[in-house]
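# Residue-level structural notes
Here are the chains, one letter per residue:
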Amino acid sequence: IRDRDVTGVQTCALPIYRVHEARNGRASVAIRSRVPLRVSFAGGGTDVPPYPQTHGGVVLCAAIDRFAYASLAPTADGTPFIAESLDYGIRAAYAHPSHLAFDGELDLLKASLRRMAPGAVGGAHLSIHSDAPPGSGLGSSSAMTVAIVGALSRWLDQPLTDYEVAQLAVVIEREDLAIEGGLQDQYACTFGGFNFIEFHHDAVVVNPLRVNPETLLELQYTLLLVFTGTTRRSDGILARQIQNYGVPGGAVQDALQELKHITLDMKRALLQSRLDNFGALLHAGWENKKRLATGITTPHIDEMYACALRAGAIGGKVLGAGGGGYLLLACPETRRHAVARACEQLGGTPTPFQFEVTGLRTWRADGGAR
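Residues numbered from 1 in each chain as written. Predicted model: local features only at pLDDT ≥ 70, side-chain atom pairs only at ≥ 80, totals over all residues. Heavy atoms only, no water.

### Focus: unusual backbone geometry
Counted only if it meets this: Runs of H or I in DSSP of at least four residues are treated as helices and runs of E of at least two as strands, each being numbered from the N terminus.
The omega torsion of the bond from proline 49 to proline 50 falls at 10 degrees, within 30 degrees of zero and hence cis. Tracing the backbone through its elements, the reader meets proline 50 in the loop between β1 (31-42) and α3 (51-54). Unlike most non-glycine residues, leucine 106 shows phi in positive territory, near 60 degrees. Note on placement: leucine 106 falls in the loop between β4 (90-94) and α4 (107-116).

Right, dumping it as structure tokens:
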């Protein structure tokens, strides 16, 4: 998505900053950031342009205790910028952010440096790693972008609000790198917590939900997160969704409208502590999500989901764009273990998780947290 009007986000005109951390004798102090990943319960797809600009989108999501990390160590003037992925063992050095070229490796790092530090004085070693790989469906790529933005803004002594961080992450991914996708993940990961997010033609509004603590405990107790054994690239799936959306009178518009209704129903159920039909709403959302594009589900996913239902699950969905990653299942407390065993027999890996209340956090390695 290259058109600024399509994303509904204006490019941030960031001033050029000198790097205070490197100038005042504290160049050896590392800056770190941590951003939670997220699970999306309903509404995914309605945040993918151009739908929110024409009809408005809504999602219901929550941060979880899996994280993306960025660490930045300032270096002296004249030293190169070093970008490194600790997960993949990729490392590269560049004389200056203006020399960075996008080639499929470390592009999130490169795009963030080019946009935020075009005139930075002094180099830096910027490394990243994540608790989940790209294509997991947990928003890990966008969480990583937010982590990088957080570390860079701290290094540049440039305070940003949560909305500004999320907006800048959207610009980096959707405009600078032209990665097709939605707007949910950047906001969900930046803010953390349990949120109902609205996407309008000219604004995004994050509404933190005051869900009864006992309701959240019960929800977490009955949910099962299962890695399907495969990851996927989401851009192809989302490109097909965008293409299908342009077909007049097609099923995609109806499916997106139904997803909005399901999201509102699920929000009301949570706020009213009615979890009796939560699994059924997950299932209804999954059935409509599969109507958006081919590739959202696979024979392996269909088989695992069907086995989970036979073992006692009430409903569920594949997280993210689909095609792989994690499966989220709602189970009665007496059937949760049986559902987990059924998924394991097909190569699934049940993964414990907790809801996470915090969003982006940055701190200095000497303990000066924000």
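### Topic: the environment of leucine 209
Convention followed: The contact criterion used is simple: two residues touch if any of their non-hydrogen atoms lie within 4.5 Å.
With respect to the helices, strands and loops of the structure, leucine 209 is situated in the loop between β7 (204-208) and α8 (213-222). Spatially, the C-alpha atom of leucine 209 lies 8.3 Å from that of glycine 193, the residues being 16 residues apart in sequence. Filtering out sequence-adjacent residues up to four positions away, leucine 209 remains in contact with Leu60, Phe194, Asn195, Phe196, Lys267 and Leu271.

### With respect to the pattern of salt bridges
Note that side chains of opposite charge can pair when their charged atoms are close. Here is the rule we go by: Salt bridge criterion: a side-chain nitrogen from Lys or Arg within 4 Å of a carboxyl oxygen from Asp or Glu. Only protein chains enter the accessibility calculation, which uses a 1.4 Å probe; a residue is then buried when its area is under 20% of its type maximum, exposed when over 50%, and partly exposed in between.
Taken as a whole and assessed by the stated rule, the structure comprises ten salt bridges. With a closest N to O distance of 2.8 Å, aspartate 185 and arginine 38 form a salt bridge. Remark: arginine 38 occurs in strand β1 and aspartate 185 occurs in helix α7 (residues 184-191); sequence separation between them is 147 residues. The pair aspartate 185 / arginine 38 is uniform in exposure class, with both members buried. Arginine 115 serves as the salt-bridge partner of aspartate 176, at 2.6 Å between the closest nitrogen and oxygen. Placement of the pair is aspartate 176 in helix α6 (residues 162-176) and arginine 115 in helix α4, with a sequence separation of 61 residues.

### Notes on the packing of aromatic side chains
Heads up, the rule is: Whether two aromatic rings pair depends on their centres lying within 6.5 Å, for rings of Phe, Tyr and Trp, where Trp uses its six-membered ring; planes under 30 degrees apart make the pair stacked, over 60 edge-to-face, and the rest tilted. Note on geometry: a ring has a charge over it if NZ (lysine) or CZ (arginine) is within 6 Å of the ring centre and within 35 degrees of the ring normal.
For the structure on display, the rule yields ten aromatic pairs. Among the aromatic residues, ring-to-ring pairing joins Phe41, Phe194, Phe278, Phe353 and Phe355 into one connected group. Here arginine 34 stacks its cationic end above the ring of phenylalanine 67, 4.0 Å away from the centre of that ring. Between lysine 267 and the ring centre of phenylalanine 196, over which it is positioned, the NZ or CZ distance is 4.3 Å.

### Quick look at α8
As a reminder of what qualifies: In the analysis that follows, any N or O atom pair within 3.5 Å is treated as a polar contact, provided that within protein one partner can donate a hydrogen and the other can accept it, and provided that, for residues neighboring in sequence, both atoms belong to side chains.
Three or more residues of α8 are buried, namely Thr215, Leu219, Gln220 and Thr222. The N-cap of α8, judged by a side-chain oxygen 2.7 Å from the amide nitrogen of glutamate 214 a few residues on, is asparagine 212.

### Points about the packing of helix α10 (residues 251-271) against helix α11 (residues 278-289)
Applicable threshold: Orientation is described by axes fitted as lines to C-alpha atoms, over the contacting stretch for helices, and by angles from 0 to 180 degrees between their N-to-C directions. In what follows, roughly perpendicular refers to angles from 65 to 115 degrees, roughly parallel to angles under 35, roughly antiparallel to angles over 145, and oblique to any angle outside these ranges. Should the near helix be turned counterclockwise from the far one by less than a right angle, the crossing is left-handed, whereas a clockwise turn marks it as right-handed. Think of it as three bins: nonpolar holds Ala, Val, Leu, Ile, Met, Phe, Trp, Tyr, Cys and Pro, charged holds Asp, Glu, Lys and Arg, and polar takes everything else, Gly as well.
In contact at an axis separation of 9 Å, α10 and α11 are set at 165 degrees when each is read in the N-to-C sense. In terms of orientation, α10 and α11 fall into the roughly antiparallel class. In terms of crossing hand, the pair formed by α10 and α11 is left-handed. The segment α10 lies against α11, with Ala255, Glu258, Leu259, Ile262, Asp265, Met266 and Leu270 engaging Phe278, Leu281, Leu282, Ala284, Gly285, Asn288 and Lys289. Split into classes, the residues belonging to the contact of α10 with α11 amount to nine nonpolar, two polar and three charged.

### Re the sheet that holds strand β8 (residues 223-227)
For the record, the criterion: Here a strand pair is declared whenever DSSP counts at least two bridges between the two strands.
Pairing in this open sheet of four strands is antiparallel, and the strands run β9-β10-β8-β11 from one edge to the other. Bordering the open sheet on either side are β9 (315-318) and β11 (349-350), each of which pairs with just one other strand. Taken together, the four bridges between β9 and strand β10 (residues 326-330) define a ladder with antiparallel strand orientation. When the bridges of β10 are listed, lysine 317 appears paired with leucine 328.

### A short note on the state of the cysteines
Put plainly, a disulfide is one covalent bond tying together the sulfur atoms of two cysteines. Convention followed: Note on terminology: disulfide denotes any pair of cysteine sulfur atoms within 2.5 Å.
A full pass over the atoms with the stated rule returns zero disulfides. For cysteine 189, which is in no disulfide, the shortest distance to another cysteine sulfur is to cysteine 61 and amounts to 8.2 Å. Its relative accessible area of 0% is what places cysteine 189 among the buried residues. For cysteine 307, which is in no disulfide, the shortest distance to another cysteine sulfur is to cysteine 343 and amounts to 7.9 Å.

### Brief notes about the environment of arginine 114
Relative to the assigned elements, arginine 114 resides in helix α4. Among the residues examined, arginine 114 registers a relative accessible area of 38% and is labelled partly exposed. When the C-alpha atoms of arginine 114 and aspartate 176 are compared, they prove to be 9.5 Å apart, with 62 residues separating the residues in sequence. Excluding residues that lie within four positions of it along the chain, arginine 114 makes contacts with Pro97, Leu100 and Phe102.

### Some words on α7
Among the eight residues in α7, eight count as buried, and that is most of the element. By the burial criterion, the buried members of α7 are Gln184, Asp185, Gln186, Tyr187, Ala188, Cys189, Thr190 and Phe191. In this fold, the buried residues of α7 make contact with β1, β2 (57-74), α5 (140-155), α6, β6 (194-199) and β7. Following α7 by one or two positions, glycine 192 has its phi on the positive side, about 70 degrees.

### A few points about the confidence of the model for the protein
Heads up, the condition is: pLDDT expresses, on a scale from 0 to 100, how confident the predictor is about each individual residue.
Summarising the model, the protein shows a mean pLDDT of 87, and 89% of its residues fall at 70 or more. Predicted confidence is poor over residues 1-27, with pLDDT under 50, and the contacts of this stretch with residues over four places away or in other chains come to 67 contacts.

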